[in-house]
Amino acid sequence: MTPFTYTAKPSRVVFGVGSLQFLGREIEMMGGKRALVLATPGHAESARRVAAMLGPRAVGVFAEARMHVPIETARAAREEARRLGADCAVAIGGGSTVGLGKAVALEAEGDFAILAIPTTYAGSEMTPIYGLTEGGMKKTGRDVRVLPKTVLYDPELTLTLPLPLSLTSIFNAIAHACEGLYADDGNPITALMAEEGIRAAASAIPRLSREPRDLDARCDALYAAWLCGSVLGSVAMGLHHKLCHTLGGTFNLPHAEVHTVILPHVLAYNAPAAREAMSRIGRALGTGSQSASMGIFDLARTHGAPTALRDIGMPEAGLDRATDLAVQSQYPNPRPLERGAIRELLQRAFDGTRPG
Ligand code: NAD
């Protein structure tokens, strides 16, 4: 066996239908006494419900979280946390809300813990990665202070996630696991989590597509989100995440949709340099002899998830610039970054051409 290093991340996970009921116990165990509850404007009601459950342990609600954490929103939340003397945040929502909690924790004086209650499958709650957007540029970094201390996964809270966002959010999770399987700092533990995450995610997609309120399928999807998010938090991501970051940040494309469209094309690009990863992805998808890239593409197309950048707001004139940005800096990827081949990859993703 190849020698490896694996650093376990110190977070506590409580998983199960109805686990929101343990919020009081969990905030107490975490040592939180003055929680600021965070949410997006659309989730303000859930945030107020959470604050009511916390009683005197909640000092306020800030329901202004926005996609990609604009610096102005981060500053306003930090100011509110300071004004109220908050010592922790309870973030209920998707990656945008957890991201806001991270922005507050990053600049807090002294210990500031996050309790995350994820309601999408993006996986941010399992990572020490934060992002902040200033002047149209999104910057990301890693800091263990932003890793949520406790995560409450309650699949019931995902029943309201509309089917299109549910599906693309699951592909977002699958993308973390796929890139984790060929990461050069990957290891047998993250590979196990990645393969099991893809398997659980792929099994949830047809069931949710038939019945979006299928609670068993919601459990599998959230379990996959946890596993895939853990992989994202543990190993370095490659071309796929770089492209999605660029397309999302520069062209303001919707996060989960971009991941869904780009993934099969990056897998096709990387396949010759990552055979073992591709066969593990294929095995997890259960697509037999079909390639991993075709398997992902067909899974999206069959269930009505987007497969073309042109359908999610990408201007064709921006493909050259996106290519330039993707090859501008070096980052780990199994196949070297070749400008011409990446430009072709983006064209196929733009047109929605089936890989292979
Ligand atoms: P999101 O958090 O922006 O949520 C999308 C929309 O869905 C919002 O309007 C939200 O209110 C709504 N929503 C969320 N849960 C719902 C539910 N259960 N029912 C009904 N509506 C619901 O989307 P996201 O895809 O979870 O997160 C995307 C953001 O997270 C991006 O900014 C991305 O960069 C970031 N992200 C960061 C990491 C990390 O490790 N730092 C990982 C993944 C994603």
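Residues numbered from 1 in each chain as written. Predicted model: local features only at pLDDT ≥ 70, side-chain atom pairs only at ≥ 80, totals over all residues. Heavy atoms only, no water.

### Brief notes about the packing of helix α6 (residues 188-210) against helix α7 (residues 215-234)
Line of reasoning, step 1. As a packed pair, α6 and α7 sit with axes 8 Å apart at the nearest point and diverge in direction by 150°. Viewed along their axes, α6 and α7 adopt a mutual orientation that is roughly antiparallel. The hand of the α6/α7 crossing is left-handed. Across from Thr-190, Met-193, Ala-194, Glu-196, Gly-197, Ile-198, Ala-200, Ala-201, Ser-203, Ala-204, Arg-207 and Leu-208 in α6, the residues of α7 making contact are Asp-216, Ala-217, Arg-218, Asp-220, Ala-221, Tyr-223, Ala-224, Leu-227, Cys-228, Ser-230, Val-231 and Ser-234.
Line of reasoning, step 2. Its residues assigned to classes, the contact of α6 with α7 comprises 14 nonpolar, 5 polar and 5 charged. (Axes fitted to C-alpha atoms, helices over the stretch in contact; angles between N-to-C directions. Helix = DSSP H or I, 4+ residues; strand = E, 2+ residues; numbered from the N terminus. Parallel < 35°, antiparallel > 145°, perpendicular 65-115°, else oblique. Left-handed = near helix turned anticlockwise from the far one by under 90°. Contact = heavy atoms within 4.5 Å. Nonpolar A, V, L, I, M, F, W, Y, C, P; charged D, E, K, R; others polar.)

### Here's the deal with the packing of aromatic side chains
Line of reasoning, step 1. Enumeration over the complete set of coordinates arrives at 4 aromatic pairs.
Line of reasoning, step 2. Relative to Tyr-153, the ring of Phe-15 has its centre 5.8 Å away and its plane inclined at 45°; by these criteria the two rings are tilted. Of the two residues, Phe-15 is situated in strand β1 (residues 12-15) and Tyr-153 in strand β8 (residues 150-153); the sequence distance between them amounts to 138 residues.
Line of reasoning, step 3. Using a relative accessible area of 31% as the deciding quantity, one classes Phe-15 as partly exposed.
Line of reasoning, step 4. According to the relative accessible area criterion, Tyr-153 is buried, its value standing at 0%.
Line of reasoning, step 5. Across the ring face of Phe-22, the terminal group of Arg-25 is positioned such that the distance to the ring centre comes to 4.2 Å. (Phe/Tyr/Trp six-rings, centres within 6.5 Å; stacked < 30°, edge-to-face > 60°. Buried < 20%, exposed > 50% of the residue type's maximum accessible area, 1.4 Å probe, protein only. Lys NZ or Arg CZ within 6 Å of the ring centre and 35° of its normal.)

### Quick notes on helix α9 (residues 255-270)
Line of reasoning, step 1. For α9, built from 16 residues, the straight-helix expectation of 22 Å at 1.5 Å per residue is met to within 8% by its first-to-last C-alpha distance of 22 Å.
Line of reasoning, step 2. The largest bend along α9 reaches roughly 35° and is located at Ile-262, with the proline Pro-264 sitting one to four residues downstream.
Line of reasoning, step 3. For α9, a buried count of 13 out of 16 residues is recorded, marking the element as mostly surrounded by other parts of the structure. (Expected span 1.5 Å × (residues − 1). Bend = angle between axes of the 7 residues up to and from the residue.)

### Let's talk about the site of the ligand
Line of reasoning, step 1. Around the ligand, the surrounding shell holds 22 residues, and the nearest of these are Thr-40, Ser-96, Thr-120, Thr-127 and Lys-138.
Line of reasoning, step 2. Here Ser-96 contributes a side-chain N or O atom positioned 2.5 Å from an oxygen atom of the ligand.
Line of reasoning, step 3. Taking Leu-157, its main chain carries an N or O atom lying 3.0 Å from a nitrogen atom of the ligand.
Line of reasoning, step 4. Protein chains shield 82% of the accessible area of the ligand, which is 860 Å² for the free molecule.
Line of reasoning, step 5. Grouping the constituent residues of the shell around the ligand by class yields 7 nonpolar, 13 polar and 2 charged.
Line of reasoning, step 6. Split by domain, the residues of the shell around the ligand number at least three in each of domain 1 (12-158) and domain 2 (163-351). (Near = heavy atom within 4 Å. Polar contact = N/O pair within 3.5 Å; in protein donor to acceptor, adjacent residues only side chain to side chain. Areas by Shrake-Rupley, 256 points an atom, 1.4 Å probe, with all protein chains shown as cover. Domains from an automatic or database assignment.)

### Some remarks on the environment of Ala-86
Line of reasoning, step 1. If you trace the backbone, Ala-86 turns up in the loop between α3 (71-84) and β4 (88-93).
Line of reasoning, step 2. We classify Ala-86 as buried; its relative accessible area is 15%.
Line of reasoning, step 3. For the pair Ala-86 and Met-294, spaced 208 residues apart in sequence, the C-alpha to C-alpha distance is 48 Å.
Line of reasoning, step 4. With near-sequence residues (within four places) excluded, Ala-86 lies in contact with Arg-34, Leu-36, Val-59, Ala-81 and Phe-112.

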